[in-house]
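Overview (structure and organization)
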Amino acid sequence: MTLTLLQTLAASFIWGINTLFLLSAGLSNVEAFAANAFFTAGQVIFEIPTGVVADTKGRRTSFLLGSATLLVSTLLYLLMWWIHAPFWGWAIASILIGLGFTFFSGAVDAWLVDCLAFAGYKGNLESVFAKGQIAAGSAMLAGSVAGGFIAQATNLGVPYILRAVVLAATFVTAFFVMKDLGFTPVQGTGTLNETRRILKASIDNGLRNRPVRWMMLAAPLTSGVGFYAFYAMQPYLLELYGNEKAFGIAGLAAAIIAGAQIIGGMAVPLVRRLFSRRTSILVMVAILTAAGLVLIGWVSTFALAVALLVVWALTWAAGGPIRQAFINGEIPSEQRATVLSFDSLMGSAGGVVIQPTLGKVADVQGYSASYFVAGALQAAAIPFILLARKERAKSDPIR
């Protein structure tokens, strides 16, 4: 919980103003979302290699490398903004930030699940993931609100300085308190051979594992749309509000997502009691989030857009721990980090294509039209979840 809180707090200082930060550096909408796409491209490129690091060298090593990489790349982002760097500079810096997050993506969940098994934990995984989501939501709420108002009172660069400071604190904390319990690092035959071996095992336990496969194939749509919907909400809310300098209002979007994570995590036990299968919950989440995005694009007032954003975020947050439990229940410990990284890779791949595409729609037709298209793409994920449901996976029934 402590590591999740620190990591999320560091990241969230800039989540409420990141798109505005890029636009203030002279980038267009297409370039700003293309920079975000390079971030997700970095995740696609490095997910498997960093998953191999976690499955061979240890989850602690992976977490420390992630903290250090994000610290350096955050400072590079700040430099790019200061000198009004050309787009290719933003592309390189964004890829490095993506690299930093890939060190976290599979390693943290794998570390947690292995430690729980080592400790003899007999409870359900949703409860643990929900508590982690509450911790992350609390940190995101504090960080995003603070980042928005600090940027409004100073400038858009100060939240990035705060992010670097907290990342340094995260590295120091993990160095002293994180231990790989229930996991023994593999003494392999070399990085390339280990990459081949674990990649094959990840495919066998991922894409060739039918229930996991369908969830992974839905991820490019749900994650890609989620990335865009979150980052586009910053300038869209300012447009509806009528004041492009009200950075505190832009931070409201991130604050709403954070609050939704907290409430969604608390709601997981109740949601579990209302359904007998996890895929039933995930289908309902996909339907409601698709409808929410379409309605966000349809309304023309700030208050209604905020209200619909709350509904969308709450629905999305309630489904997160359910999906995590479904995926984790279908994969073995030995390849857990890499399979989870592969799952994250699939989501990031969708972001590479969807973010600049919807950014182009926003440039040509406006943000409202882009949210209509986002809702349609979200709805396209529903058939994949239904296919996962047909497989009757052992992790699907809620006990």
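For the structure itself, look to the data block above.
Residue positions are given per chain, counted from 1 along the sequence in the order it is written. Totals for whole chains, interfaces and linings use all residues, but because this is a predicted model, local features are given only for residues with pLDDT of at least 70 and pairs of side-chain atoms are given and counted only at 80 or more. Only heavy atoms go into the side-chain values, all of them from the structure, while hydrogens and water stay out.

1. Description of a nonpolar patch on the surface
A cluster of nonpolar side chains, namely Phe171, Val172, Phe175, Phe176 and Val177, defines an oily patch on the protein surface of about 480 Å² accessible area. Mapped onto the elements of the fold, phenylalanine 175 is located in helix α8 (residues 158-177). Patch definition: residues with relative accessible area over 30% and no salt bridge; like charges joined within 9 Å; nonpolar side chains (Val, Leu, Ile, Met, Phe, Trp, Tyr) joined within 5 Å. Here the accessible surface of atoms and residues is derived via Shrake-Rupley with a 1.4 Å probe, and residues count as covered only by protein chains that are part of the display. For this analysis, a salt bridge means a side-chain nitrogen from Lys or Arg found within 4 Å of a carboxyl oxygen belonging to Asp or Glu. The helix and strand labels rest on DSSP assignments: H or I over at least four residues marks a helix, E over at least two residues marks a strand, and numbering proceeds from the N terminus.

2. Quick notes on helix α15 (residues 367-379)
By definition here, a helix of n residues has an expected span of 1.5 Å times n minus one. Spanning 13 residues, α15 covers 19 Å between terminal C-alpha atoms, matching the ideal 18 Å at 1.5 Å per step. The buried label applies to any residue whose accessible area, calculated with a 1.4 Å probe on protein chains only, is under 20% of its type's maximum; exposed applies above 50%, and partly exposed to all values in between. Those residues of α15 lying buried are Tyr367, Ser370, Tyr371, Ala374, Gly375 and Gln378. The arc that holds the buried residues of α15, viewed along the axis, is 145°, so those residues lie on one side. It is the directions from the helix axis to the C-beta atoms whose arc is reported.

3. A short note on the environment of valine 113
With respect to the element layout, valine 113 can be found in helix α6 (residues 107-118). As for valine 113 and leucine 181, which are separated by 68 residues in sequence, their C-alpha atoms are 9.9 Å apart. It only takes one pair of heavy atoms within 4.5 Å for two residues to be counted as in contact. Excluding residues that lie within four positions of it along the chain, valine 113 makes contacts with Leu125, Phe129, Asn328 and Arg336.

4. Comments concerning the packing of aromatic side chains
To pair, rings of Phe, Tyr and Trp, with the six-membered ring standing in for Trp, must have centres within 6.5 Å; the planes then decide the type, stacked if under 30 degrees apart, edge-to-face if over 60, and tilted in the middle. Across all of its chains, the model carries 18 aromatic pairs by this definition. Between tyrosine 228 and tyrosine 371, the ring centres sit 6.0 Å apart and the planes meet at 50°, which makes this aromatic pair tilted. Remark: tyrosine 371 occurs in helix α15 and tyrosine 228 occurs in helix α10 (residues 210-241); sequence separation between them is 143 residues. A network of ring pairs unites the aromatic residues Phe21, Tyr77, Trp81, Trp90 and Tyr160 as a single cluster. In our convention, an over-ring charge means Lys NZ or Arg CZ found within 6 Å of a ring centre and within 35 degrees of that ring's normal. Sitting above the plane of the phenylalanine 175 ring, arginine 60 keeps its charged end 5.0 Å from the centroid. The ring of tryptophan 214 has arginine 213 sitting right over it, with the charged end atom 5.4 Å from the ring centre.

5. Some words on the packing of α6 against helix α7 (residues 125-153)
It is at 12 Å that the axes of α6 and α7 come closest, and there the two elements cross at 135°. Taken together, the axes of α6 and α7 lie oblique to each other. The handedness of the crossing between α6 and α7 comes out as right-handed. Between α6 and α7, the residues in contact are Asp109, Leu112, Val113 and Leu116 and Leu125, Val128 and Phe129, respectively. Three categories are distinguished: nonpolar for Ala, Val, Leu, Ile, Met, Phe, Trp, Tyr, Cys and Pro, charged for Asp, Glu, Lys and Arg, and polar for the others, with Gly belonging to the last. Looking at the contact of α6 with α7 residue by residue, the classes come out as six nonpolar, no polar and one charged. Only C-alpha atoms enter the line fits that serve as axes; for helices the fit covers just the stretch in contact. Angles between N-to-C directions range over 0 to 180 degrees. For classification purposes, angles smaller than 35 degrees are called roughly parallel, those larger than 145 roughly antiparallel, those between 65 and 115 roughly perpendicular, and all remaining angles oblique. Whether a crossing is left-handed or right-handed is set by the direction in which the near helix is turned from the far one by less than a right angle, anticlockwise for left-handed and clockwise for right-handed.

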